[in-house]
2 protein chains.
Amino acid sequence: MTQIPQAAFIHEVDQLKAIKRQLRLPHDEERQENSAEHSWHVALSALMLADYAEQSVDISRVITMILIHDLVEIDAGDMFAFAGAADHAEQELKELAAAKRIFGLLPAEQGQHYLKLWLEFEAAETNDARFAKAMDRVLPVFQNMQNQGGSWARHKVSQQQILDRNTELQTCAPKLWDYVNEQTSLAVAKGWLKS
Amino acid sequence: MTQIPQAAFIHEVDQLKAIKRQLRLPHDEERQENSAEHSWHVALSALMLADYAEQSVDISRVITMILIHDLVEIDAGDMFAFAGAADHAEQELKELAAAKRIFGLLPAEQGQHYLKLWLEFEAAETNDARFAKAMDRVLPVFQNMQNQGGSWARHKVSQQQILDRNTELQTCAPKLWDYVNEQTSLAVAKGWLKS
Ligand SMILES: [Ca+2]
């Protein structure tokens, strides 16, 4: 029998489709978005917004990071962006263990390659990782602005929280930073974000 | 106000999350898979299976094609792989119109670029497009084999239909072709596919 050693990984990652996020989908009966379709949307948006990157980025590496960035949620779950600091520290440990387990399903060399790439994304120090992470964080701004504040309104999020979360854009993609500033001010005016 | 001309496209593609496929998800209460999370899964699988490509492929172009390949379903809907030939011809016309409308939401040059890439995927003549399309078609084999035949059993699909649908693998990725042959024979033995 022909063995495809990647089959276990391909099967395992199917579970990301069951991980629910706080954001709800206006086009699909306000059901909660899952992390698999989110990853697709971030990857596609990053492709379309690549020219806004201030530093030179390898968009192929950026997309790859985005495609794998949420896999750890299969074990660790999705944490709402504005949860407390203690929760975030515990989440980081869970996610590292998850990354080792999930990429460990791949042939050794391939698994090491993707684990390293995931760690690079998490550290957010290289241009590619910073841009990838910025894309993950800016997409909900586009989504919530088209959905009357969406998850912001429900969770009483403030404009400052959104700006803090997107602060990398200042150096990563300054035009998108201006956009986020203006859009979140508009959201405050509309009562979708706290001032 | 800062304008981001890609915002309309980023918003529009959110609708792909509402397009339901025949395949059901064992990890999420057997709900129907949607075309956005499917696109993510195909892209990630293609990354992991890139080394099986017999011809040289630019995996970055392959991934990009995969990320956009189903967008036309926003207007045209998903068609089950084993629908009749007349249905497929009508679907092709609808999809072309959809591609022009949806990529037309982007700035002109960028829209043209992605329309061309989508047409390349559809034509399936270049190595990149053939591999991308083969990945789209082989993923349900992995998924259904892990879910007791999944959509095959429900729709009384035959092994020959699956082999015909995956025939490009013979030249594109021969080891995966062997795998599909063996796995579908196993599916026949289990009663998941008609012989
Ligand atoms: Ca994310």
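Scroll up for the structure.
Residues numbered from 1 in each chain as written. Chains lettered and ligands numbered in written order. Predicted model: local features only at pLDDT ≥ 70, side-chain atom pairs only at ≥ 80, totals over all residues. Heavy atoms only, no water.

So what about the interface of chain A and chain B? Which residues, and what values?
Residue-level contacts link 56 residues of chain A with 56 residues of chain B. A buried area of about 4,900 Å², summed over both sides, lies between chain A and chain B, and 67% of it is on carbon and sulfur atoms. For the chain A face of the interface with chain B, the top three residues by lost area are Lys17(A), Trp40(A) and Met48(A), together amounting to 16%. Counting the contacts that link chain A with chain B gives four salt bridges. A salt bridge links Lys17(B) to Glu33(A); the nearest nitrogen and oxygen atoms lie 2.7 Å apart. Between chain A and chain B we count 28 residue pairs in polar contact (both at pLDDT 80 or more) in total. Put simply, the parts of the chain that give the side of chain A that touches chain B at least two residues each are helix H1 (7-12), strand E1 (20-25), strand E2 (31-34), helix H2 (35-49), helix H3 (59-68), helix H6 (108-123), helix H7 (127-145) and helix H11 (174-190) of chain A. (Contact = heavy atoms within 4.5 Å. Buried area = accessible area lost by both parts, 1.4 Å probe. Salt bridge = Lys/Arg side-chain N within 4 Å of Asp/Glu carboxyl O. Polar contact = N/O pair within 3.5 Å; in protein donor to acceptor, adjacent residues only side chain to side chain. Helix = DSSP H or I, 4+ residues; strand = E, 2+ residues; numbered from the N terminus.)

Explain the pattern of salt bridges residue by residue, including any values.
Under the definition given, this model contains 22 salt bridges over all chains. Ionic pairing is found between Glu120(A) and Arg61(A), a salt bridge with its closest N-O pair at 2.6 Å. With Glu120(A) in helix H6 and Arg61(A) in helix H3, this pair connects stretches of sequence that are 59 residues apart. We classify Arg61(A) as partly exposed; its relative accessible area is 30%. In this structure, Arg31(B) and Asp28(B) form a salt bridge, with 2.5 Å as the shortest nitrogen-oxygen distance. (Buried < 20%, exposed > 50% of the residue type's maximum accessible area, 1.4 Å probe, protein only.)

Hey, could you go over the relation of the copies chain A and chain B for me, with residue numbers and the actual values?
Under the fitted operation, chain A is carried onto chain B by 0.0 Å of movement along the axis and a turn of 180°, and the coordinates agree to an RMSD of 0.0 Å. Classification of the inter-copy transformation places it as that of a two-fold axis. Closest approach to the rotation axis among the C-alpha atoms of chain A is made by Glu37(A), whose C-alpha sits 2.1 Å away. Both copies present the same face, since 100% of the interface residues in chain A are matched by interface residues at the equivalent positions in chain B. (Least-squares fit on C-alpha atoms with pLDDT ≥ 70 in both.)

Give a description of helix H2 (residues 35-49) of chain B that names residues and reports values.
Residues and elements named next belong to chain B. The terminal C-alpha atoms of H2 lie 20 Å apart, and with 15 residues this matches the ideal 21 Å at 1.5 Å per residue to within 8%. Counting buried positions over the 15 residues of H2 gives 15, a clear majority of the element. At the N-terminal boundary of H2, the capping side chain belongs to Asn34, with an oxygen 2.9 Å from the backbone nitrogen of Ala36. (Expected span 1.5 Å × (residues − 1).)

Account for the packing of H3(A) against H6(A), with residues named and values stated.
All names here are of chain A. Interaxial distance between H3 and H6 falls to 10 Å at its minimum, and their mutual angle equals 95°. Taken together, the axes of H3 and H6 lie roughly perpendicular to each other. Contacts between H3 and H6 involve Arg61, Thr64, Met65 and Ile68 from the former and Tyr114, Leu117, Trp118, Glu120 and Phe121 from the latter. (Axes fitted to C-alpha atoms, helices over the stretch in contact; angles between N-to-C directions. Parallel < 35°, antiparallel > 145°, perpendicular 65-115°, else oblique.)

Explain the coordination of the calcium ion to me, and be specific about the residues and the numbers.
Residue and element names in this part refer to chain A. Protein-derived coordination of the calcium ion comes from His38 (NE2), His69 (NE2), Asp70 (OD), Asp136 (OD) and Asp136 (OD), at a distance range of 2.3 to 2.9 Å. Sequence spacing of the donors to the calcium ion: H-x30-H-D-x65-D. Taken as a pair, His38 in helix H2 and Asp136 in helix H7 lie far apart in primary sequence, 98 residues in all. With relative accessibility at 13%, the residue Asp136 sits in the buried group. (Donors = N, O, S within 2.8 Å, 3.2 Å for Na, K, Ca; no water.)

Which residues make up the packing of aromatic side chains, and what values go with them?
All names here are of chain A. Considering all chains together, one arrives at four aromatic pairs over all chains under this definition. Pairing Phe9 with Phe103 gives two aromatic rings, centres 6.3 Å apart and planes at 25°, and the pair type is stacked. Residue Phe9 is found in helix H1, and its partner Phe103 is found in helix H5 (residues 85-103); the two are separated by 94 residues along the sequence. With relative accessibility at 1%, the residue Phe9 sits in the buried group. Residue classification places Phe103 among the buried positions, given a relative accessible area of 2%. (Phe/Tyr/Trp six-rings, centres within 6.5 Å; stacked < 30°, edge-to-face > 60°.)

Which residues make up the packing of H6(A) against H7(A), and what values do they have?
Residue and element names in this part refer to chain A. Two elements in contact, H6 and H7, have axes whose closest approach is 8 Å; the angle formed by their N-to-C orientations is 70°. In terms of orientation, H6 lies roughly perpendicular with respect to H7. In the packing of H6 onto H7, the handedness of the crossing is right-handed. Listed contacts from H7 to Glu120, Phe121 and Glu122 of H6 are Asp128, Ala129, Ala132, Lys133 and Asp136. (Left-handed = near helix turned anticlockwise from the far one by under 90°.)

Kindly report on empty space enclosed by the protein, identifying the contributing residues and their values.
What the rule picks out here adds up to three cavities of 30 Å³ or more. Considering only enclosed or pocket space, the largest cavity measures out at about 80 Å³ in volume. Considering the residues around the largest cavity, the lining is formed by Leu47(A), Ile59(A), Ser60(A), Ile63(A), Thr64(A), Leu67(A), Leu47(B), Ile59(B), Ser60(B), Ile63(B) and Thr64(B). Residue composition of the lining of the largest cavity, grouped by class: seven nonpolar, four polar and no charged. Approximately 60 Å³ is the volume found for the second largest cavity. Broken down by secondary-structure element, the contributors of at least two residues to the lining of the second largest cavity are strand E1 (20-25) and helix H7 (127-145) of chain B. Considering only residue class, the lining of the second largest cavity consists of two nonpolar, five polar and two charged. (1 Å grid on protein atoms, 1.4 Å probe; cavity = no way out; pocket = protein on both sides within 12 Å on 5 of 7 lines; lining within 4 Å. Points joined across faces, edges and corners; volume = space filled by probe spheres on them. Nonpolar A, V, L, I, M, F, W, Y, C, P; charged D, E, K, R; others polar.)

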